[in-house]
Amino acid sequence: MAECAHQDGELIRRRWALARRSLTRPDEIAYYLGYAPLDVGVDELVRVAGARWAIEECFQAVKNECGLDEYQVRRYVGWYRHITLAMLAHAFLAAMSARAAEKGGPSVRMPWSSSSPWRKCGDSWQLTHPEAFTPSPTR
């Protein structure tokens, strides 16, 4: 469903309501609201909606491994510095993981296949390099 947005009588953007059904659980439907330029099609909206979980996993990993959620908001400057340092630590860990995989470091065996380099391990998330992933045989 698309509803159009106008500015000075000219069409500039569209608002979208996207419903996405799970292939494994057809009774579960996820709903997304989109607001995009005219040249963005449904296929791009579906791709972006699908990327949401990888982003959520990444933020969860930063919370667990780098302390993203371990701050007390008192002033914007302190919050901004904390967020910046946590994300920088996350980028550093991702780069070190990629470097170790390039040098032939030990591969991490994952029990399931996913495009995300983040894997849940107990109560925390661990970064693995996609090239180090070896999928287990399907059962």
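Look above for the structure.
Below or above, wherever it landed, is the structure these notes cover.

Cut-offs applied
Residues numbered from 1 in each chain as written. Predicted model: local features only at pLDDT ≥ 70, side-chain atom pairs only at ≥ 80, totals over all residues. Heavy atoms only, no water. Helix = DSSP H or I, 4+ residues; strand = E, 2+ residues; numbered from the N terminus. Buried < 20%, exposed > 50% of the residue type's maximum accessible area, 1.4 Å probe, protein only. Contact = heavy atoms within 4.5 Å. Areas by Shrake-Rupley, 256 points an atom, 1.4 Å probe, with all protein chains shown as cover. Core = buried A, V, L, I, M, F, W, Y, C linked by side-chain atoms within 4.5 Å. Salt bridge = Lys/Arg side-chain N within 4 Å of Asp/Glu carboxyl O. Phe/Tyr/Trp six-rings, centres within 6.5 Å; stacked < 30°, edge-to-face > 60°. Lys NZ or Arg CZ within 6 Å of the ring centre and 35° of its normal. Axes fitted to C-alpha atoms, helices over the stretch in contact; angles between N-to-C directions. Parallel < 35°, antiparallel > 145°, perpendicular 65-115°, else oblique. Nonpolar A, V, L, I, M, F, W, Y, C, P; charged D, E, K, R; others polar.

On to the overall build of the protein chain, then. The helix and strand tally for the protein chain stands at two helices and five strands. When its helices and strands are written in sequence order, the protein chain yields β-β-β-α-α-β-β. Scored against the burial criterion, the 139 residues of the protein chain give a buried share of 19%. For the protein chain, restricting intrachain contacts to residue pairs at least 6 apart in sequence, the fraction spanning at least 24 positions comes to 41%. Summed over all atoms, the accessible surface of the protein chain reaches about 10700 Å², with 56% contributed by carbon and sulfur.

Grouped together as the largest cluster of nonpolar side chains are five residues: Trp16, Leu18, Tyr32, Leu45 and Ala49. Only strand 2 (10–21) and helix 1 (42–66) provide two or more residues apiece to this core. Residues contacting tyrosine 32, with those up to four places away along its chain left out, are Trp16, Ala17, Leu18, Arg20, Ala49, Arg52 and Trp53.

Here glycine 67 shows up in the loop between helix 1 and helix 2 (76–102). Judged by its relative accessible area of 15%, glycine 67 is buried. Apart from residues no more than four positions distant in its own chain, glycine 67 is found in contact with Val62 and His82.

Before going further, it helps to examine the pattern of salt bridges. For the coordinates displayed, the defined rule picks out three salt bridges. The residue arginine 25 makes a salt bridge to glutamate 28 at a minimum N-O spacing of 3.4 Å. Given the relative accessible area of 48%, arginine 25 is considered partly exposed. For glutamate 28, a relative accessible area of 40% translates into the label partly exposed. A salt bridge links arginine 52 to glutamate 56; its shortest N-O distance comes to 3.3 Å. With arginine 52 and glutamate 56 both in helix 1, this residue pair falls four residues apart, about one helical turn. The class for glutamate 56 is partly exposed, based on a relative accessible area of 38%.

The description of two aromatic rings rests on the distance between their centres and on the angle between their planes. Under the criterion given, the structure shown has two aromatic pairs. Between tyrosine 76 and tryptophan 79 the ring centres are 5.7 Å apart and the planes differ by 35°, which places this aromatic pair in the tilted class. Here tyrosine 76 pairs with tryptophan 79, and both are found in helix 2, just three residues apart, close to one helical turn. Relative accessible area serves as the criterion here: at 57%, tyrosine 76 is assigned to the exposed category. Ring-pair connections join several aromatic residues into one group, and the members of that group are Tyr76, Trp79 and Tyr80. Above the face of the tryptophan 53 ring, arginine 52 is positioned so that its terminal group lies 4.5 Å from the ring centre.

Moving on: the packing of helix 1 against helix 2. Packing of helix 1 against helix 2 leaves a shortest axis separation of 10 Å and a crossing angle of 100°. Considering the angle they form, helix 1 stands roughly perpendicular to helix 2. Along its contact with helix 1, which presents Cys58, Phe59, Val62 and Cys66, the element helix 2 presents Ala86, Met87, Ala89, His90 and Leu93. Split by residue class, the contact of helix 1 with helix 2 holds eight nonpolar, one polar and no charged.

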